[in-house]
Amino acid sequence: MNFIEFETEQKLRGGFYTEPAIASFLIRWIKASNPKSVLEPSCGDGVFLQAIDEESLKSVKRIAAFELNKVEAKKASCRTHLPVLVQNSDFLLWYLFNGQSEDQFDAVVGNPPFIRYQYLPTKQQLLAERIFAQLRLPFTKHTNAWVPFVLASIKLLRPGGRLAMVIPSEIFHIPHAQSLRRYLAEQCSKILILDPEEIWFEDTLQGTVLLLAEKKRTVSEKGLGVAIIPVKSRQVLACDPEDLFQRAAYTNGATIEGKWMPVFLSVSERSLLSELRACKDIKRFVDVASVDVGIVTGANGFFLVPDATVREHSLQPWAHPMFGRSDHVRGLVYSDGDHETNKKIGLPANFLWFEEEEIKNLPKNVRAYLEIGLNQKLHTRFKCRTRKTWYKVPSVYSAPIAMLKRAHHYPRLVLNGADAYTTDTAYRIQPLGIKPEALVLSFVNSLTCLTAEMEGRHYGGGVLELVPSEIERVLVPIIKATEADLKAADRRFRSAKSNSEFLRMQDSIVLGKIGVSRSDQEALHAAWLKLRDRRHRTPSGEIAERAIEAE
Ligand SMILES: C[S@@+](CC[C@H](N)C(=O)[O-])C[C@H]1O[C@@H](n2cnc3c(N)ncnc32)[C@H](O)[C@@H]1O
């Protein structure tokens, strides 16, 4: 978990600046529409203002720029020869109270601050919330400062005006940006996103994209939708942005109603998916299983311990098998053998469960162990202090199947053969009307992996995470399978040379059994690989190691 006190000043004001070459590229695009007025809502040290100057936008008569940081605002006003008044004030505040009574802008450019809502001062939190309310859009406290910035910027554009911004790549998939996706699609005639295959802002680990959107000329104009152009390298910055904008293939309708991940797929990939969605042997996860979060201990370091700790404090009667971390599970089955191995190599594979309410009823050695927790002030931690008895972990039960919340390559289900407990790093899965072995085996295939990529979310570092509502929408082809079938798959998984190789083997078994042709299996696999590789991109543009590793 991140805490505000550990964040840098630069991160708390979202102060990561755009490279001049990127700013010039975006300015060249707005130049093609001969703007008379331009807005830069968070100008930092003025890279976009300098680019307006350098690209000789002769048509421009009015520039408005805002920057909250006094020193940076000063730098920005010195960085251009144009008569720009850089206002050292809050753009969101200005937007709500003054901006809308002024003339609209022909173009908005910039790179809005990326700051988690929780880290914003209360005043800015309220301003952000008011912007959503004013536009009658659903608001969530999971939002991030860049979202209200883009919303307000679109609102301030005149009909036919252009918005050219550097924004986080989470626009495609993050649930809190759904209001923005909807608003952009409603308000704009064309939305082009240039999606770099490498991370352009190394310091932040935050993937960024270039957003080029043109506002509709009339309310009744039909929008063409969204286009994505994957960009191999900075060489794209030498291209004519207007040409890219005019020639891109835009997608509209149901494809862009939710997350924008389907836009990454080709028309044939999308139509294959909708064909398979209608197949009777392919179910949504919610129809074949229920998902519950794992056990929340509130202090994993204290409640999940290796054998040595159990022995040292004689806690054997309170120690129960547990897994939950990626290095605990090496296959599709978590067996007694795996558990023994984990214990032997010193992993924290024991969950300490103290059910007794009255501390005085516990033996001396347990009281002494709990004393260690008290000295570490664990009883004051949020999850522990909200319990009646701080050390009595609630909701302790095991499920037949577990699924780790996060995956590096693809999510997989794990048959809980050791009847172990799992922490909240894993979900507890209960199959509905299907044998656990069959569900675990059926789950590993390129169709399920592809839909998991499309439903899930990912952050810096390229890890895929799915919350229960996202898992529920994943598609699973259901085949019959015995315990022996799963054991054989488990052996193949453990000895496979790569994740991709194992998926291909599974595709021929799982997808083959329900009648998906070899070429469609290949198409699904290639589509999954495309999204997986995109998620794994690195600052240098390399794709993360494809070999199988501990997810
Ligand atoms: C990501 S930087 C981008 C700066 C510049 N546009 C660029 O592209 O290099 C975002 C800037 O927004 C400023 N900022 C943050 N909150 C603001 C607000 N409410 N109003 C105006 N500026 C703000 C930060 O100080 C930071 O300089």
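Residues numbered from 1 in each chain as written. Predicted model: local features only at pLDDT ≥ 70, side-chain atom pairs only at ≥ 80, totals over all residues. Heavy atoms only, no water.

Draft legend 1. Highlighting helix 6 (residues 122-134). With 13 residues, helix 6 should reach 18 Å at 1.5 Å per residue; the first-to-last C-alpha distance of 18 Å fits that figure. When we look at burial in helix 6, the residues that qualify are Gln 124, Gln 125, Leu 127, Ala 128, Ile 131 and Phe 132. Down the axis of helix 6, the buried side of the element spans an arc of 165 degrees, and every buried residue falls inside it. Across helix 6 from its buried face, at more than 90 degrees, point the exposed residues Thr 122, Lys 123, Leu 126 and Ala 133. Elements in contact with the buried residues of helix 6: helix 5 (91-97), helix 7 (146-155) and helix 8 (178-187). Within two residues after helix 6, Arg 136 carries a phi angle of roughly 55 degrees, on the positive side. (Helix = DSSP H or I, 4+ residues; strand = E, 2+ residues; numbered from the N terminus. Expected span 1.5 Å × (residues − 1). Buried < 20%, exposed > 50% of the residue type's maximum accessible area, 1.4 Å probe, protein only. Arc of directions from axis to C-beta. Contact = heavy atoms within 4.5 Å.)

Draft legend 2. Examining the pattern of salt bridges more closely. Per the stated rule, a full pass over the model turns up 30 salt bridges. Glu 465 serves as the salt-bridge partner of Arg 406, at 2.6 Å between the closest nitrogen and oxygen. With Arg 406 in strand 16 (residues 406-407) and Glu 465 in strand 21 (residues 464-465), this residue pair connects regions lying 59 residues apart in the sequence. Overall, the relative accessible area of 45% leaves Arg 406 in the partly exposed class. For the salt bridge of Lys 497 with Glu 501, the shortest nitrogen-to-oxygen distance reads 3.9 Å. Accessibility expressed as a relative area gives 68% for Lys 497, which makes it exposed. With a relative accessible area of 29%, Glu 501 lands in the partly exposed category. (Salt bridge = Lys/Arg side-chain N within 4 Å of Asp/Glu carboxyl O.)

Draft legend 3. Up close: the sheet that holds strand 1 (residues 37-40). Here we have 8 strands laid out as an open sheet, ordered 3-2-1-4-5-7-6-8, and mixed in their pairing. Edge positions in the open sheet fall to strand 3 (85-87) and strand 8 (225-231), since each of these has one partner strand only. Averaged over all neighbouring strand pairs, the angle between strand axes comes to 15 degrees, with direction disregarded. Judged from the 7 bridges that link them, strand 6 (residues 188-196) and strand 8 form a sheet pairing that is parallel. From the neighbouring strand, Pro 196 faces strand 8, where its bridge partner is Val 231. Helix-sheet contacts for helix 2 (residues 20-31) involve strand 1, strand 4 (105-110), strand 5 (157-168), strand 6 and strand 7 (208-215), and the interaxial angle to strand 5 is about 165 degrees. In this fold helix 8 packs onto strand 6 and strand 7, with an angle of close to 130 degrees to the strand it touches most, strand 6. (Pairing = 2+ DSSP bridges. Axes fitted to C-alpha atoms, helices over the stretch in contact; angles between N-to-C directions.)

Draft legend 4. Molecular detail of the nonpolar core. Of all hydrophobic cores here, the largest spans 100 residues; its most connected members are Phe 91, Ile 171, Leu 184, Trp 260, Phe 285, Ile 429 and Leu 439. It is helix 7 that contributes the most residues to this core, 7 residues altogether. Contacts of Trp 260, omitting those with residues within four sequence positions, involve Ile 171, Phe 172, Arg 181, Leu 184, Ile 191, Ile 193, Val 226 and Ile 228. Of all hydrophobic cores here, the second largest spans 38 residues; its members include Ile 22, Leu 49, Ala 73 and Val 86. (Core = buried A, V, L, I, M, F, W, Y, C linked by side-chain atoms within 4.5 Å.)

Draft legend 5. Local environment of the sheet that holds strand 18 (residues 421-422). Taken in spatial order, the 4 strands of this open sheet run 11-14-12-18, and their pairing is mixed. Because the sheet does not close on itself, it has two edges, and the strands there are strand 11 (304-305) and strand 18. As paired elements, strand 12 (residues 319-323) and strand 18 share 2 bridges and run parallel to each other. Residue pairing for strand 18: Phe 323 is matched across the bridge by Thr 422.

Draft legend 6. Local environment of the environment of Arg 217. If you trace the backbone, Arg 217 turns up in the loop between strand 7 and strand 8. Residues Arg 217 and Gly 161, spaced 56 residues apart in sequence, show a C-alpha to C-alpha distance of 8.2 Å.

Draft legend 7. Quick look at the pairing of strand 19 (residues 426-431). Strand 19 sits mainly inside the fold: 5 of its 6 residues count as buried. As paired strands, strand 10 (residues 289-293) and strand 19 are joined by 5 bridges and run antiparallel to one another. When the bridges of strand 19 are listed, Asp 292 appears paired with Arg 428. Pairing analysis gives 4 bridges linking strand 15 (residues 401-404) to strand 19, with the strands arranged antiparallel. What sits directly across from Met 403, in strand 19, is Tyr 427.

Draft legend 8. Seen up close, the state of the cysteines. Within the structure shown, the criterion is met by 0 disulfides. There is no disulfide at Cys 43, and the cysteine sulfur nearest it, in Cys 78, is 11 Å away. (Disulfide = S-S within 2.5 Å.)

Draft legend 9. Representation of unusual backbone geometry within the structure. A positive phi angle is found at Arg 136, which is not glycine, with a value near 55 degrees. For Arg 136, the position within the fold is in the loop between helix 6 and helix 7. Classification of Arg 136 by relative accessible area gives exposed; the value is 75%.

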